[in-house]
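# A closer look at the structure
In case you want the letters, here they are:
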Amino acid sequence: MDTSKSEEKLLEHNKEDAAEDVANGHLSEPPQAKILKRQEKNGPQTIDLSLSNCYTSEEYALQLQKQWFSEQSKDYKDETTGVELYTNPFQICLLPNMLNNTDSCKLLVDEMVKKVHWSRKQMDLYEFYQSTDLSNMIECKFLANFLQMLRRSVRPWLEKLTNLKLDYVSASCSMYTCGDYLLVHDDLLKDRQIAFIYYLSPWEENELWNQEQGGCLEIFASDDKCLPRFPVQRKISPKNNQFAFFKVGSKSFHQVGEVTTFDYPRLTINGWFHGASNEDLIADAIRPFAKLQFKPPISVNPQSSVDLLLNEVYLKPTTKRSIQKRIEDNSEICLYEFFRREIFEEALKELLNDDKLKWSRQGPANVQNFEVLDLKTATKTLTQIIELFSNTEMFSLLRDYTDLDLSGPNAANPQFTLEIQRWSHGDYTVLGDGAICEDNTLDLIYYLNASEGAAIITYLSPDTEQAGTGQGLKQTGGGDDVSDTDSLEGEGFDDDDESVLLTITPVDNALNIVYRCEGTTKFTKYVSRNTPLENGPVFVISCSYKE
Ligand SMILES: O=C(O)CCC(=O)C(=O)O
Ligand SMILES: [Fe+2]
């Protein structure tokens, strides 16, 4: 975003105001009468956005600056003002009662509710509502005034406090309703220097949120490679009229915990103060994406596990031909009742009840959060299933289904990878370099204990140019949807967004087969606490095959 442009826009907006005044003949009236008349028509027209006294005091600014640069590792709290400065895991400052007049919080919320156009932001990393940048809000005078206040009062105050040069501010309104969240990220992008969040919750008895309502700003510590670590180290509850800020850096990992109350929306005005480029920090940041280990198939002789385990309909030549036709046309198919019923039921029983199974949580927190089974601990039926997906018989069946060279004389170096995953509330994967497919790959996704809304997999083509040629799931057109908000790490998408290639809905005992082209990517959507999981977690057997 360009400051001079947004300043210009705001000036234009003021000019329009003046023109409207002349047109309405208001200029001949005393200002007070003008204000009252407008109040009748459109509600109050002025807002008091003056900062509380402590934040305008030179003396207090110096005191806080001393704390900001202090080497002390102890948190700081000023008992008179309530100002807090946390040092661990990174510096975060909380300014309670930022505005002098709390009625202004009500006016801001009123404008957000009545006038702001919200767009739904949905991606791997988040789900919430966002407005456009405050500099584009012609019809929202109070929010435009708030932006002016950030520019004229907060920006110089922060510059003094932090010694950072802050050139401009970008800000928008965010609204999180029940089930909304923003997963772990560091805000490190372009020239963002300071991240800020101004919390609005002007409802009597709910000015400070309690932990059961969710929606905390959650802070992560990171390891020596600058990767965020579970569990959350610090939670900051939304609090009316509180301004929180921190310096954006390689360790500034944070998230917004899922909102779990239906009673109130979580409302904020948030954004960044921009200055010097973060280029160097971004270049140094490691983006760890554990590559799956591909292995050659295991030879079996005699070949019998397919007959023993699979629904016989999927072994008939006519079915095989239909499957092949469907995959050729659509690059995907869902085979319902894939295993014999008793095999499915036995495997599910083992997954749910066998305490010999060892599960381990996958991180880092900015990439993924779910559990995988240590395959060495697998019990009877699970072992049979694992062996089936790993053996030459399955490779041969998949060749029949897809015509890929996974078996037979033309198969050069067929390989596979297999993982058994366990999905519970709060689990997710996000898009990233490692999720991008390097070769054309055949994915198998098989669900047990499926529940609507848990472990939904979305395939995307993030970059049209990168999508390979030939057959397979790939994007055909390019939608260039440019957002005017300094948004999160990526663009959101709607249901009709062209970048979404396929969404897999979990169904028990259904095998999804997806042939994906090089360049496509996928993520497993965050499992919201609204998702019913009373029958326990969802299990996914996830395999990939390459020619
Ligand atoms: O709303 C919050 O508490 C944090 C928001 C945030 O991290 C962001 O928008 O990047
Ligand atoms: Fe953030």
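No experiment lies behind these values; they were computed from the predicted model shown. (Residues numbered from 1 in each chain as written. Chains lettered and ligands numbered in written order. Predicted model: local features only at pLDDT ≥ 70, side-chain atom pairs only at ≥ 80, totals over all residues. Heavy atoms only, no water.)

Turning to the coordination of the iron ion (ligand 2), a few remarks are in order. Protein-derived coordination of the iron ion (ligand 2) comes from His185 (NE2), Asp187 (OD), Asp187 (OD) and His254 (NE2), at a distance range of 2.1 to 2.8 Å. If you look at the iron ion (ligand 2), its 6 donor atoms make angles of 50 to 168 degrees with each other, and the shape they trace is irregular. Read from N- to C-terminus, the donor residues coordinating the iron ion (ligand 2) fall into the pattern H-x1-D-x66-H. Of this pair, aspartate 187 sits in the loop between strand 7 (181-185) and strand 8 (192-200) while histidine 254 sits in strand 12 (residues 254-256), and the two are 67 residues apart along the sequence. Neither residue differs from the other here; aspartate 187 and histidine 254 are each classed as buried. (Donors = N, O, S within 2.8 Å, 3.2 Å for Na, K, Ca; no water. Tetrahedral: all angles 85-135°; square planar, octahedral: opposite > 155°, others 65-115°. Helix = DSSP H or I, 4+ residues; strand = E, 2+ residues; numbered from the N terminus. Buried < 20%, exposed > 50% of the residue type's maximum accessible area, 1.4 Å probe, protein only.)

One can describe the packing of helix 10 (residues 341-353) onto helix 11 (residues 380-390) by two numbers: an axis separation of 8 Å at closest approach and a directional angle of 115 degrees. As helix 10 runs across helix 11, the sense of the crossing is left-handed. Across the interface between the two elements, Ile343, Glu346, Ala347, Glu350 and Leu351 of helix 10 pack against Lys380, Thr381, Leu382 and Ile385 of helix 11. Looking at the contact of helix 10 with helix 11, its residues break down into 5 nonpolar, 1 polar and 3 charged. (Axes fitted to C-alpha atoms, helices over the stretch in contact; angles between N-to-C directions. Left-handed = near helix turned anticlockwise from the far one by under 90°. Contact = heavy atoms within 4.5 Å. Nonpolar A, V, L, I, M, F, W, Y, C, P; charged D, E, K, R; others polar.)

Here the focus is the environment of leucine 373. With respect to the secondary-structure elements, leucine 373 resides in strand 16 (residues 368-373). Spatially, the C-alpha atoms of leucine 373 and glycine 453 are 22 Å apart, while their sequence positions differ by 80 residues. Those residues in contact with leucine 373 that sit more than four places away from it in its chain are Leu357, Lys358, Trp359, Ala378 and Ile420.

Our next topic: the UniProt feature "domain: Fe2OG dioxygenase" (unreviewed entry) in the protein chain. The positions that UniProt labels "domain: Fe2OG dioxygenase" (unreviewed entry) are, in the present scheme, residues 165-275. End C-alpha to end C-alpha, residues 165-275 measures 6 Å, and it is 0% helix and 42% strand. (UniProt positions renumbered as here; feature names shortened; annotations may be inferred.)

Attention now goes to the packing of aromatic side chains. Scanning the model with the defined rule gives 23 aromatic pairs in all. Between phenylalanine 220 and phenylalanine 230, the ring centres sit 6.0 Å apart and the planes meet at 75 degrees, which makes this aromatic pair edge-to-face. Taken as a pair, phenylalanine 220 in the loop between strand 9 (217-219) and strand 10 (234-236) and phenylalanine 230 in the loop between strand 9 and strand 10 lie far apart in primary sequence, 10 residues in all. Take phenylalanine 220: its relative accessible area is 0%, and that puts it in the buried class. One aromatic cluster is present, formed by Tyr55, Trp68, Trp157, Phe196, Phe243, Phe245 and Phe273 through successive ring pairs. (Phe/Tyr/Trp six-rings, centres within 6.5 Å; stacked < 30°, edge-to-face > 60°.)

Reading across from one edge, 21-20-23 is the order of the 3 strands in this open sheet, with antiparallel pairing throughout. The sheet is open, and its two edges are formed by strand 21 (500-504) and strand 23 (521-524), each paired on a single side. For this sheet the average axis-to-axis angle between neighbouring strands, irrespective of direction, equals 15 degrees. Strand direction decides the pairing type here: strand 20 (residues 457-460) and strand 21, joined by 4 bridges, are antiparallel. Within strand 21, the residue paired with tyrosine 459 across the bridge is leucine 502. (Pairing = 2+ DSSP bridges.)

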